[in-house]
Amino acid sequence: LLTAHLQKLMSDKKCTAEKKAEMENVLTQLDNYGQQELADLFVNYNVKSPITGNDLSPPVSFNLMFKTSIGPGGNMPGYLRPETAQGIFLNFKRLLEFNQGKLPFAAAQIGNSFRNEISPRSGLIRVREFTMAEIEHFVDPSEKNHPKFQNVADLNILLYSSKAQVSGQSAHVMRLGDAVQQGVINNSVLGYFIGRIYLFLTKVGVSPEKLRFRQHMENEMAHYACDCWDAESKTSYGWIEIVGCADRSCYDLSCHARATKVPLIAEKPLKEPISFQNKPFEANKGAIGKAYKKDAKVVMEYLSMCDECYINEMEQLLNEKGEFTVETEGKTFKLTKDMVTVKRFQKTLHVEEIIPNVIEPSFGIGRIMYTVFEHTFHIREGDEQRTFFSFPAVVAPFKCSVLPLSQNQEFMPFVKELSEALTRNGISHKVDDSSGSIGRRYARTDEIGVAFGITIDFDTVNRTPHTATLRDRDSMRQIRAEISELPTIIRDLANGYLTWADVEAKYPQFEGQETGKKDTIEE
């Protein structure tokens, strides 16, 4: 609403250059504003309801999660999951065992998530139910160096840092290795996944010229995150987020450990024993029991599960305010200095217990699909009626089509032979033996993004060894090769082992068939 209003003001010829620059700066930092700052902006720029023209109420916070009731009586509240990640955190101990107790390791999950979207719109872009694919990469917080980072360090990627956004600068291309080295990206593990996300998106059809990575600004970033970047694609709806990549620190595991009273930690053998000052909570059972009666046990169990980071934060609150509150099992408890203190004593360890940090790439499948559709849609030059999708072969639903030149029965044995060979090679294909012209059938398969086309013609029937033409969808160029070789060629093209340039360099270009229906030539 604010964006549309400011853009309307900026388009007014009476708008001064100074005022326009001010509004452009507001739009650049829109995601960085808090609730009160947004309220002030609505007042300052006199934003009204676009329907009634009335004044707007101040912005209000609301729950992004869908609430529901569980059980026959509906007495237990529940929420539809807003992300798939939490199931992985709950299974952390088992996953750690699967990896023989060693860090780093990762788990991936794909499934449906639900968000309380205010105004669903823009097709797959803003919906209340959507498919997410998430990776949780667990790593030692003291060793955030990825061994394979050098594989992506030389990638040049369009980066839009928080510093550039706040200062009104534009995004600029930067070598990934330099971004990590200069601290633009927090660590090489996060940098590695940004590089892999870039490679994945460009491989499935997102245009590199319309792809950038934008860093979250201070107010926009989750309070627990060390650093967070969004892969954004430029579409007809503007720049949209399609993948998020965040360093979530130890927040999730710490919260689940406190709620379930199960320590979610990993052990790291120490080269030499270390002594350090331990600081657990020391609870006054009498004071807590007197204050909370039957709930005292719940409070005691919660305090026994708290990690060092949380204890340090609460100790500071005790010193400053003399109290702090805890939430557990749906209840809130206020604890004062007479109920709890922080005990200090020396402890020697031979094994270090650590709460792993988590690097999380989170993929919005619907948004990626929409971006691929828009970025790969083209119109043939010189013919506005002919459109096609230039899906990379690796993601094209059909890798190739098999097209007999006509419905002549002499072609059918070769069509059957090719179809069976393609199936044996695991190549999804489409046979189109309808009565339309070969040009019309090419156009039909181009429209649905079929990457390659095999044509059986009279040269296939009349010449030995039997050959057929192979057509590339994007360039419309064709080569001729033996039928027995074609399934292997298409399989290698689809898997990225060959490029069309490699194929053209090896096989003769097709100019036109040399024999007709009545010709029989033996070689």
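Cut-off values and rules
- Residues numbered from 1 in each chain as written.
- Predicted model: local features only at pLDDT ≥ 70, side-chain atom pairs only at ≥ 80, totals over all residues.
- Heavy atoms only, no water.
- Helix = DSSP H or I, 4+ residues; strand = E, 2+ residues; numbered from the N terminus.
- Contact = heavy atoms within 4.5 Å.
- Domains from an automatic or database assignment.
- Core = buried A, V, L, I, M, F, W, Y, C linked by side-chain atoms within 4.5 Å.
- Buried < 20%, exposed > 50% of the residue type's maximum accessible area, 1.4 Å probe, protein only.
- Pairing = 2+ DSSP bridges.
- Axes fitted to C-alpha atoms, helices over the stretch in contact; angles between N-to-C directions.
- Salt bridge = Lys/Arg side-chain N within 4 Å of Asp/Glu carboxyl O.
- Phe/Tyr/Trp six-rings, centres within 6.5 Å; stacked < 30°, edge-to-face > 60°.
- Lys NZ or Arg CZ within 6 Å of the ring centre and 35° of its normal.
- Polar contact = N/O pair within 3.5 Å; in protein donor to acceptor, adjacent residues only side chain to side chain.

Some thoughts on the environment of Arg-491
Looking at the element boundaries, Arg-491 is found in helix H17 (residues 486-494). Measuring from C-alpha to C-alpha, the distance between Arg-491 and Ser-428 comes to 9.8 Å, with 63 residues separating the pair along the chain. Those residues in contact with Arg-491 that sit more than four places away from it in its chain are Asn-425 and Ile-427.

Here's the deal with the domain arrangement of the protein chain
Domain boundaries in the protein chain define domain 1 (1-45), domain 2 (67-253 + 356-365), domain 3 (280-343) and domain 4 (391-506). Centre-to-centre separation of domain 3 and domain 4, based on C-alpha positions: 71 Å.

Describing the nonpolar core
In this structure, Ile-185, Ile-194, Leu-201 and Phe-213 are the most contacted members of the largest nonpolar core, which totals 40 residues. Top contributing element to this core by residue count: helix H8 (residues 188-204), with nine residues. In contact with Ile-185, other than residues within four places in its own chain, are Leu-159, Leu-176, Ala-179, Val-180, Leu-190, Gly-191, Ile-194, Asp-227 and Trp-229. Residues Ala-393, Val-415, Ile-483 and Ile-490 belong to the second largest nonpolar core, which totals 28 residues.

Some words on the sheet that holds strand S6 (residues 172-175)
On the basis of which strands lie adjacent, the open sheet formed by eight strands has the order S3-S4-S16-S9-S8-S7-S5-S6 and mixed pairing. The open sheet has two free edges, formed respectively by strand S3 (105-114) and S6, since each of these has just one partner strand. Within this sheet the neighbouring strands show an average axis-to-axis angle of 30°, counted without direction. Pairing of strand S7 (residues 211-215) with strand S8 (residues 227-235), which is carried by five bridges, proceeds in the antiparallel orientation. Residue pairing across strands places Leu-211 opposite Ser-233, the latter belonging to S8.

So, the pattern of salt bridges
One pass over the full model with this rule turns up 26 salt bridges. The shortest N-O distance in the salt bridge between Lys-48 and Asp-55 comes to 2.2 Å. On the accessibility criterion, Asp-55 (59% relative accessible area) is exposed. Across the salt bridge formed by Asp-230 and Arg-214, the nearest N and O atoms sit 3.9 Å from each other. Linking Asp-230 in strand S8 with Arg-214 in strand S7, this pair joins segments that are 16 residues apart in sequence. Arg-214 matches Asp-230 in its accessibility class, with the two residues each being buried.

Digging into the environment of Ile-438
For Ile-438, the location among the structural elements is in helix H15 (residues 438-447). C-alpha separation for the pair Ile-438 and Lys-14, spaced 424 residues apart in sequence, amounts to 58 Å. Those residues in contact with Ile-438, other than ones at most four positions away along the chain, are Leu-403, Pro-404, Leu-405 and Thr-455.

Looking at the packing of aromatic side chains
On inspection of all chains with the given rule, the structure shows 16 aromatic pairs. Members of the aromatic cluster, joined through ring pairs, are Phe-89, Phe-92, Phe-105 and Phe-138. If you follow Arg-380 out to its NZ or CZ, it ends over the ring of Phe-388, 3.9 Å from the centre. Cation over ring: Arg-471 sits above Tyr-442, and NZ or CZ is 4.4 Å from the ring centre.

As for the environment of Asn-187
Within the fold, Asn-187 resides in the loop between helix H7 (176-181) and H8. Residue Asn-187 is classed as buried on the basis of its relative accessible area of 6%. Along the backbone, Asn-187 and Asn-357 are 170 residues apart, and their C-alpha atoms lie at a distance of 12 Å. When sequence neighbours within four positions are dropped, the list of residues in contact with Asn-187 reads Lys-144, Val-180, Asp-247 and Ile-359. Of note is the side chain of Asn-187, whose polar atom sits 2.9 Å from the backbone nitrogen of Leu-190.

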